[in-house]
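Okay, here's what each chain looks like letter by letter:
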Amino acid sequence: MQKGTSYSLGLETHPVPMAMFRENRERLIARFEKSAEGTPEGSVVLLRGGKAKMRHETDHEHLFRQESFFHWTFGVADPDCFGAIDLKRRRAILFIPRLPAEYAVWMGKIASCEDYTARYEVEETYYVDEIDAVLSKLNTKIIYTLHGLNSDSGNYAKPATFPGIEKYRVDNGRLWPEMVECRVIKTPMELDVLRYVCRVSSEAHVAVMKQCKPGMMEYQLEALFQHEVYSRGGCRHVAYTCICGSGHHGSILHYGHAGAPNDKQLADGDLMLLDMGGEYQCYGADITCSYPANGRFTEKQKVVYNTVLAAQQAVFAAMKPGVAWMDMHALAYRTTLQELARHGLVKGDVDAMMDADLGAVFMPHGLGHFLGIDTHDVGGYSTGAERSTRPGFRSLRANRSLEAGMVLTVEPGVYFIDPLLDKAIADDKQKQFINVDKVNEFRGIGGVRLEDDVIVTADGIENMTKCPRTVEEIEAIMAEGRKSH
Ligand code: GLY
Ligand code: MN
Ligand code: MN
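Since the structure is predicted, the reported quantities are computational estimates derived from the model, not experimental observations.

Across its full length, the protein carries 15 helices and 20 strands. Scaling as 2.2 N^0.38, a compact globule of 485 residues should have a C-alpha radius of gyration of about 23 Å, and the protein matches this with 24 Å. When the backbone C-alpha atoms are referred to their principal axes, the protein occupies close to 75 × 50 × 45 Å. When burial is assessed residue by residue, the protein has 55% of its 485 residues classed as buried. Relative to all contacts within the protein whose residues are 6 or more apart in sequence, the contacts with residues 24 or more apart total 73%. Surface summary for the protein: the accessible area is close to 20700 Å², and the carbon and sulfur share equals 52%.

Printed below as a string of structure tokens:
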């Protein structure tokens, strides 16, 4: 799997240089050095990697996926490791589990500490049971561990610990904000991995689009996508559970979960909403395509589709460093409402509609989020920005100004969600803007979301997603698919 100084899965898969992780560590050290407290004598960062997990109480081991902060720092694939950075000496030290010799029968040759040192280009490797002895030999005085709130999940990172840690001064406050800020801005090497996984995922979406037809089951589209990203792109994992909604399922925002497992048959006339992204070396794509199952848009489907496309394009045109993400969310609402008004679904003054939060009736989720090692990548609120209380705006996973090197999804949508429409039609502030008869004609159509993954550049954006986006492009690709399948 590992070849010299880079990771790839052979064939055409992207080689990820181990130097990418060294650069990440260097950036973290530089942030510590620049801050007021600097890097005191004997200061060490200590991170805990992810733990192997079993299926409930059984001995069936889940396929491991590394913890994201640990992956960013060391790129190590295996579970149950620790890693340290000696901040003054600028040395990286891995700690690996000491496995019994008989594991070799089940797991293959057990790699030595030297193997790890060479494979991951760190300075030294020891066993986990040696952390105390090694840190003590380094004259460690202060250990920085990771503790902080993930603003998407509401969960806290679990700081590293080991028997004997009480002998040291432990600071679990400094590391999290520094690492989060490093992760928010991607390096050129990280951007190359993201470009790769977005390309592979875009190609897989196109392959699915070409094969999609009425009579198929939703899960067959999920299966095709997973096959494409893995067999062509080396993505053993997808970045999140595939959402493959047909017809009204397109309006169920997290459709595809265990209780609703993409198990409907596609009907002629259904509109599809497919939100799927591959994950390569822990970096993910998050892409949504919407199109008719039979390859031809109806007039109503075109209205919804082109409304969302207009919102996405308005946001693309406005994105650049310095722009507030909250303003982009508002721009998506404004464009959506203007387009819906043009087609007679809503009526009245758009400013008044904005004041009445009408946009959130049609798009109750946020416009987009940071993307990287996590699909909802960290840092959306790390500068202390407040979460809005307004419908729709409060669902934003990021509330910051854009900076070059940030990677975000841009994912406007329009959905016809019965409980939200019923509530709006019963609401004194909102009902005046809704053409109820016209809106009722669209109920059951599901929804459209267009989700692309973009890099903020010095003066705008680079769109890493390469999927057909106009009605004409989609119909042409689907017609081509029908010839070959
Ligand atoms: N697929 C999850 C999201 O779009 O945020
Ligand atoms: Mn997303
Ligand atoms: Mn998505």
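Another point: empty space enclosed by the protein. To locate leftover empty space, one rolls a probe as large as a water molecule over the atoms. What the rule picks out here adds up to two cavities of 30 Å³ or more. If you add up the space inside the largest cavity, you get close to 60 Å³. Forming the boundary of the largest cavity are Arg22, Arg25, Glu26, Ile29, Ile85, Arg90, Arg91, Ala92 and Glu123. Of all the secondary-structure elements, those providing two or more residues to the lining of the largest cavity are helix H1 (19-34) and strand S6 (91-96). Ranked by residues supplied to the lining of the largest cavity, first place goes to H1 with four residues. Of the residues that constitute the lining of the largest cavity, the class distribution is three nonpolar, no polar and six charged. The volume enclosed by the second largest cavity comes to roughly 30 Å³. Forming the walls of the second largest cavity are Trp72, Arg183, Lys186, Glu190, Tyr283, Gly372, Ile373 and Asp377.

Turning our attention to the pattern of salt bridges. Counting across every chain of the model gives 33 salt bridges. Measuring nitrogen to oxygen at the nearest pair gives 3.0 Å for the salt bridge that ties Arg65 to Glu279. Taken together, the residues span a long stretch of sequence, with Arg65 in the loop between strand S4 (43-48) and helix H2 (68-74) and Glu279 in strand S13 (residues 278-280) at a distance of 214 residues. Asp270 is paired through a salt bridge with Lys264; the nearest N and O atoms lie 2.5 Å apart. Several salt bridges share partner residues, and in doing so they unite Arg183, Lys186, Asp374 and Asp377 into one network.

The protein atoms that coordinate the manganese ion (ligand 2) are Asp286 (OD), His369 (NE2), Glu411 (OE) and Glu451 (OE), at distances spanning 2.0 to 2.2 Å. Geometry at the manganese ion (ligand 2) is irregular, judged from its six donor atoms and the angles of 53 to 154° they form at the metal. Considered as a linear motif, the donors of the manganese ion (ligand 2) on their single chain read D-x82-H-x41-E-x39-E. A separation of 3.3 Å is found between the manganese ion (ligand 2) and the manganese ion (ligand 3), which are bridged by Asp286. Of the two residues, Glu411 is situated in the loop between strand S16 (407-410) and strand S17 (413-415) and Glu451 in the loop between strand S18 (447-449) and strand S19 (452-456); the sequence distance between them amounts to 40 residues. The pair formed by Glu411 and Glu451 is uniform in burial state, with each residue classed as buried.

Our focus in this paragraph is the packing of aromatic side chains. A full pass over the atoms with the stated rule returns twelve aromatic pairs. For the ring pair Tyr333 and Phe393, a centre distance of 5.6 Å and an interplane angle of 85° mean the geometry is edge-to-face. Of this pair, Tyr333 sits in helix H10 (residues 325-342) while Phe393 sits in the loop between helix H12 (359-362) and S16; the two residues are 60 residues apart in sequence, bridging distant segments of the chain. Considering the side-chain rings of Phe416 and Phe442, the 5.4 Å spacing of their centres and the 20° angle between planes classify their relative orientation as stacked. In this pair, Phe416 sits in the loop between S17 and helix H13 (418-425) while Phe442 sits in helix H14 (residues 436-442), placing the two residues 26 residues apart along the sequence. Within the aromatic cluster, the residues linked to one another by ring pairs are Tyr7, Tyr196 and Tyr280. Geometry around Tyr116 places Arg119 over its ring, the cationic atom sitting 5.6 Å from the centre. Note that Lys300 overlies the ring of Phe442, its terminal NZ or CZ placed 5.9 Å from the centroid.

Attention now goes to helix H6 (residues 175-184). Where burial is concerned, most of H6 is hidden: nine out of the ten residues are buried. Of all the positions in H6, only Leu175, Trp176, Glu178, Met179, Val180, Glu181, Cys182, Arg183 and Val184 are classed as buried. Buried-residue contacts for H6 involve H1, S4, H2 and strand S8 (142-144).

Right, let's talk about the site of ligand 1 for a bit. For ligand 1, the full set of nearby residues is Tyr240, Asp275, Asp286, His369, His376, Glu411 and Glu451. Contact distances for ligand 1 include 3.2 Å between an oxygen atom and a side-chain N or O atom of Asp286. If ligand 1 stood free it would expose 200 Å²; the protein chains cover 88% of that surface. Its residues assigned to classes, the shell around ligand 1 shows one nonpolar, two polar and four charged.

Each pair of donors in an ideal octahedron of six around a metal sits at 90 or 180 degrees, and each pair in an ideal tetrahedron of four sits at 109.5 degrees. Listed as protein donors to the manganese ion (ligand 3) are Asp275 (OD), Asp275 (OD), Asp286 (OD) and Glu451 (OE); their distances from the metal cover 2.1 to 2.3 Å. Here the manganese ion (ligand 3) binds six donor atoms, and the angle range of 58 to 173° at the metal identifies the geometry as irregular. Between consecutive donor residues of the manganese ion (ligand 3), the sequence gaps follow D-x10-D-x164-E.

Under the feature "domain: Aminopeptidase P N-terminal" (unreviewed entry), the UniProt entry names residues 16-154. Between the end C-alpha atoms of residues 16-154 there is a gap of 31 Å, over a span that is 31% helix and 19% strand.

Definitions and limits used
- Residues numbered from 1 in each chain as written.
- Chains lettered and ligands numbered in written order.
- Predicted model: local features only at pLDDT ≥ 70, side-chain atom pairs only at ≥ 80, totals over all residues.
- Heavy atoms only, no water.
- Helix = DSSP H or I, 4+ residues; strand = E, 2+ residues; numbered from the N terminus.
- Rg over C-alpha atoms; globule rule 2.2 N^0.38 Å.
- Buried < 20%, exposed > 50% of the residue type's maximum accessible area, 1.4 Å probe, protein only.
- Contact = heavy atoms within 4.5 Å.
- Areas by Shrake-Rupley, 256 points an atom, 1.4 Å probe, with all protein chains shown as cover.
- 1 Å grid on protein atoms, 1.4 Å probe; cavity = no way out; pocket = protein on both sides within 12 Å on 5 of 7 lines; lining within 4 Å.
- Points joined across faces, edges and corners; volume = space filled by probe spheres on them.
- Nonpolar A, V, L, I, M, F, W, Y, C, P; charged D, E, K, R; others polar.
- Salt bridge = Lys/Arg side-chain N within 4 Å of Asp/Glu carboxyl O.
- Donors = N, O, S within 2.8 Å, 3.2 Å for Na, K, Ca; no water.
- Tetrahedral: all angles 85-135°; square planar, octahedral: opposite > 155°, others 65-115°.
- Phe/Tyr/Trp six-rings, centres within 6.5 Å; stacked < 30°, edge-to-face > 60°.
- Lys NZ or Arg CZ within 6 Å of the ring centre and 35° of its normal.
- Near = heavy atom within 4 Å.
- Polar contact = N/O pair within 3.5 Å; in protein donor to acceptor, adjacent residues only side chain to side chain.
- UniProt positions renumbered as here; feature names shortened; annotations may be inferred.

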